[in-house]
Amino acid sequence: MTILSFEDLLNESKKRNLAIYEIAQEEESKLKETPVSAIRTDAKFTLEAMKLAIKNGLTSTEKSVSNWCGDDTVRLTKRYQNMGALFGKIFEKITTYALATAEENLRMGRIVACPTAGSCGIVPSVLIAVAEEKNISEEKQIDALLTAGIVGLIISYKVRLAGAVAGCQAECGVASAMSAAALTELLGGSAHEIIQAATLALKNILGLTCDPVCGLVEVPCIKRNPFLAIHAVTASELALSGIESKILPDEVVDTLKITGQLMSPLLKETSQGGLAKTKTALELEKKLFNKD
Ligand code: SF4
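Residues numbered from 1 in each chain as written. Predicted model: local features only at pLDDT ≥ 70, side-chain atom pairs only at ≥ 80, totals over all residues.

### So, the overall build of the protein chain
Helix and strand counts for the protein chain come out as 13 helices and 0 strands. Each helix and strand of the protein chain, ordered N terminal to C terminal, gives the series α-α-α-α-α-α-α-α-α-α-α-α-α. By principal-axis analysis of the C-alpha atoms, the protein chain measures approximately 65 × 45 × 35 Å. Split into buried and exposed, the 292 residues of the protein chain put 49% on the buried side. Taking the contacts inside the protein chain whose residues are at least 6 apart along the sequence as the reference set, 76% of them involve residues at least 24 apart. (Helix = DSSP H or I, 4+ residues; strand = E, 2+ residues; numbered from the N terminus. Buried ≥ 20, exposed ≤ 12 C-beta atoms within 10 Å, placed from the backbone. Contact = placed C-beta atoms within 7 Å.)

This is how it looks when you write it as structure tokens:
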């Protein structure tokens, strides 16, 4: 059967005693008309591209065309080198990796849109930082990536994953749900816990607007990545402890869609409201475009 909802996913997992990643690779295989082995090879390439984006982003200080951003990863790394992260090595790596990937995006470097370019740091940072610190095998990382993929796919059947359609809840919010699912898979969570982790992440980010200054995927997009990566970790920890969303997973996805429809167009990537219309944003715009 085709998996169209979280309910389908959980039922299929129970019925056939399959892990979520096994269902994910089957679904991808059907959609792409390719064998499962090829799907896993593709996922391996994706994982390698994510790792390379982090590596490049960790050392580069090249600024964006606007000259507003590009050196925050190095700034954060220096702080951790001097002080250490308050919440330990995994927190340190997640926040720097998320920032590094998002900054690679602003430089037009090679990143993996996951699910979008603006939210590209959220899934890789959590997955790779935890895998490194816990010595998790590449095969398990691929399982986690496939798990993230089916979460994004199911949400995308109901909501277009674009800030212009449903605000940043549909980009960074969905990335955080995917990331929470991937982390829960990495940590050995059950199918039920994986879906709960995704649901808790999504539920607690509903209403996040898309208001990029001057229409550039820089402010507030870049810093949103480390914040929403840590949000995913919280969701996963809660789900693994047995805490559940009172609202059903598919109802949360429906709410994401409806919230996006209710959101003013001014807050959906038009740069006509929110942070994009603050005094500072207007001054930045004036300087950038040499307006009088
Ligand atoms: S604020 Fe808008 S452009 Fe920026 S990451 Fe979020 S959805 Fe994408």
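### Remarks on helix H9 (residues 172-186)
A turn of α-helix holds 3.6 residues, and therefore any two residues three or four places apart point the same way. Taking 1.5 Å as the rise per residue, H9 with 15 residues should run 21 Å; its terminal C-alpha atoms sit 21 Å apart, in good agreement. Buried residues dominate H9, accounting for 15 of its 15 residues. Once H9 ends, the next one or two residues include glycine 188, with phi positive near 85°. (Expected span 1.5 Å × (residues − 1).)

### Let's talk about the site of the ligand
Close contacts around the ligand come from 14 residues, with Gly118, Gly163, Cys168, Cys210 and Cys221 the closest. Within the shell around the ligand, the residues separate by chemical class into 7 nonpolar, 4 polar and 3 charged. (Near = placed C-beta within 6 Å. Nonpolar A, V, L, I, M, F, W, Y, C, P; charged D, E, K, R; others polar.)

### Describing the environment of leucine 9
Along the chain, leucine 9 falls in helix H1 (residues 6-16). Since 26 C-beta atoms lie within 10 Å of it, leucine 9 is described here as buried. Not counting residues up to four positions away in its chain, the partners in contact with leucine 9 are Ile3, Ile20, Ile23, Ile150, Ile154 and Ile195.

### What about the nonpolar core?
Val126 and Ala182 are the most contacted members of the largest nonpolar core, which has 86 residues in total. It is H9 that provides the largest number of residues to this core, a total of 10 residues. Residues contacting valine 126, with those up to four places away along its chain left out, are Ile94, Ser179, Ala182, Leu183, Ala229, Ala232 and Val233. (Core = buried A, V, L, I, M, F, W, Y, C linked by C-beta atoms within 7 Å.)

### So, the packing of helix H3 (residues 36-59) against helix H5 (residues 88-106)
Relative orientation of the contacting elements H3 and H5 amounts to 90°, with a least axis distance of 7 Å. Relative to H5, the element H3 is oriented roughly perpendicular. Between H3, through Ala53, Ile54, Asn56, Gly57 and Leu58, and H5, the contact on the second element is made entirely by Thr96, Tyr97, Ala100, Thr101, Glu103 and Glu104. The residue makeup of the contact of H3 with H5, split by class, is 5 nonpolar, 4 polar and 2 charged. (Axes fitted to C-alpha atoms, helices over the stretch in contact; angles between N-to-C directions. Parallel < 35°, antiparallel > 145°, perpendicular 65-115°, else oblique.)

### With respect to the packing of H9 against helix H10 (residues 191-203)
Any two packed helices are characterised by the angle at which their axes cross and by the distance between the axes. In the contact formed by H9 and H10, the axes pass within 8 Å of each other and the chain directions differ by 155°. Classed by the angle they form, the pair H9 and H10 counts as roughly antiparallel. Regarding H9 and H10, the two cross each other, and that crossing is right-handed. Here Gly173, Ser176, Ala177, Ala180, Ala181, Thr184 and Glu185 of H9 come into contact with H10, specifically with Glu193, Ile194, Ala197, Ala198, Leu200, Ala201 and Leu202. Residues of the contact of H9 with H10, tallied by class, amount to 9 nonpolar, 3 polar and 2 charged. (Left-handed = near helix turned anticlockwise from the far one by under 90°.)

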